Amino acid sequence: ALRGALLAWYDERKRDLPWRRLATAEPDADRRAYAVWVSEIMLQQTQVATVIDYYNRWMQKWPTLQALAEASLEVSVAGAGCPPCPYSSSSNVTLCLLEQEVNELWAGLGYYSRGKRLQEAARKVVAEMAGRMPRTAEDLQKLLPGVGRYTAGAIASISYGQATGVVDGNVIRVLCRLRCIGADSSSPAVIDRLWDMANALVDRNRPGDFNQALMELGATVCVPKAPLCGECPVKQHCRARCRKLFGKPPPVPDVEDCGVGDCPLCPPAAEPWDSSLGVTNFPRKAAKKQSRVARAATCVLERRGCRGAPEYLIVQRPSSGLLAGLWEFPSLPLTQDLQEEKQREVLADHLQAWMGQPVAAGSLRLIGEVIHIFSHIHQTYVVYSLPLDGDVTLDPALSPSRWVTEEEFHASAVSTAMKKV
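Residues numbered from 1 in each chain as written. Predicted model: local features only at pLDDT ≥ 70, side-chain atom pairs only at ≥ 80, totals over all residues. Heavy atoms only, no water.

Draft legend 1. Fine view of the overall build of the protein chain. Along the protein chain, the regular secondary structure elements total 16 helices and seven strands. Every one of the 421 residues in the protein chain was classed for burial, and the buried ones make up 49%. Excluding contacts between residues fewer than 6 apart, the proportion of contacts in the protein chain whose partners are at least 24 apart in sequence is 67%. Approximately 21,200 Å² of the protein chain is accessible, and the part contributed by carbon and sulfur atoms is 52%. (Helix = DSSP H or I, 4+ residues; strand = E, 2+ residues; numbered from the N terminus. Buried < 20%, exposed > 50% of the residue type's maximum accessible area, 1.4 Å probe, protein only. Contact = heavy atoms within 4.5 Å. Areas by Shrake-Rupley, 256 points an atom, 1.4 Å probe, with all protein chains shown as cover.)

Draft legend 2. Expanded view of unusual backbone geometry. Residue Phe-282 is joined to Pro-283 through a cis peptide bond whose omega torsion reads -5 degrees. For Pro-283, the location among the structural elements is in the loop between α13 (239-246) and β1 (292-304). One non-glycine residue, Cys-180, lies in the positive phi region at around 55 degrees. Structurally, Cys-180 can be placed in the loop between α10 (169-178) and α11 (188-201). With a relative accessible area of 14%, Cys-180 lands in the buried category.

Draft legend 3. Structural detail: the pattern of salt bridges. Applying the stated rule across the entire model yields 14 salt bridges. Residue Arg-15 is joined to Glu-216 by a salt bridge in which the shortest nitrogen-to-oxygen separation is 2.9 Å. One end of the pair, Arg-15, is in the loop between α1 (2-13) and α2 (18-25); the other, Glu-216, is in helix α12 (residues 207-220), and 201 residues separate them in sequence. The class for Arg-15 is partly exposed, based on a relative accessible area of 30%. (Salt bridge = Lys/Arg side-chain N within 4 Å of Asp/Glu carboxyl O.)

Draft legend 4. Molecular detail of the packing of helix α3 (residues 29-43) against helix α9 (residues 149-160). Where α3 meets α9, the closest approach of the two axes is 9 Å, and the angle between their N-to-C directions is 145 degrees. Between α3 and α9 lies a crossing of right-handed hand. Counting all contacts with α3, which are made through Ala-29, Asp-30, Arg-32, Ala-33, Val-36, Trp-37, Glu-40 and Ile-41, the residues of α9 involved are Tyr-150, Thr-151, Ala-154, Ile-155, Ile-158, Ser-159 and Tyr-160. Partitioning the contact of α3 with α9 into residue classes produces ten nonpolar, two polar and three charged. (Axes fitted to C-alpha atoms, helices over the stretch in contact; angles between N-to-C directions. Left-handed = near helix turned anticlockwise from the far one by under 90°. Nonpolar A, V, L, I, M, F, W, Y, C, P; charged D, E, K, R; others polar.)

Draft legend 5. Here's a closer look at α3. With 15 residues, α3 extends 21 Å between its outermost C-alpha atoms, agreeing within 8% with the 21 Å of an ideal straight helix rising 1.5 Å per residue. For α3, a buried count of 14 out of 15 residues is recorded, marking the element as mostly surrounded by other parts of the structure. Its side-chain oxygen 3.2 Å from the backbone nitrogen of Asp-30, Asp-28 forms the N-cap of α3. Two residues or fewer past α3, Gln-45 is found with a positive phi of approximately 65 degrees. (Expected span 1.5 Å × (residues − 1). Polar contact = N/O pair within 3.5 Å; in protein donor to acceptor, adjacent residues only side chain to side chain.)

Structure (structure tokens):
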């Protein structure tokens, strides 16, 4: 009854999203899988409204998995304005340029390694699997870099009809409320139980639609705050709603649904039901960790370009770690207790290494501070300016660097934080 009610609601109320249109209209299963795959990678840690434009641009540029994999063979190595590149062979320069294209298209979407892994996995499918995607969730997760358990389940169920469940944040919330699961929903033991539930619950005839319906319910009705319980198609099956209406726990479920005794899914005794919260008592999570506080000194070096327009120096970040491969103004981390005078000195030394000539700390003009909140870092950029009179020869042994106009800066693969700077 729950499956039927949820699927009927989904058929009537589902949102019109570009990846759903592509997956529905595309008769070829592998092309469907690619359309779903791109959307699921983009949607990780990112809201639907933000993803839509990025998704449309990506699919317009690389409409098939083969197009993405083969793009590295089509990028011009001798492109005008190509920045100095540390790669020696022409093939590596080509791949470097393709990664730059991916980064530019991904800029602002966050979690930049996602695009790189998608690109790597596409090349692997074409080179090692004759362009044929793995057909099961197990093989997708095992064989493709960047494809985890959830993404593999989504691709396998939506594109290939495998009767496998999915568990993301929306599904966790829906299942925890349906079953009154009050234990910490981020704990491995609870996550394993939720996967068991999702796999048992998935509709065998329409697994892809059912999984999308469950996620859609969590995204639009069973939302974190102020859920629309009156509009919920499965409200008759919801134990959290039952408890809210009748003020007491629902009857103990059948033995196969619950570990009787020390049940790992029940609310802890120290956190009793709060009647004012209703269904939003669930899911429960461990206390959120404090964001790490970090500071960095950033310098905007400016020179007059050959056409008279100002140009700014940007340098490329390392290929791994935070904002991997993106471009930024020369920056370096600061310790929290560093005084402003010492900040200037360490920044001047850092710039001297880039420029190969002394930089006077007193010539750096303090502009102000820019705060940017990453998912796990509270980052403060202390911004300085340094106008230059003549040309500067940059050390080719260091990371790639280039001079760009303001227009070129915004077209480059730079982070939202650097655009704020």
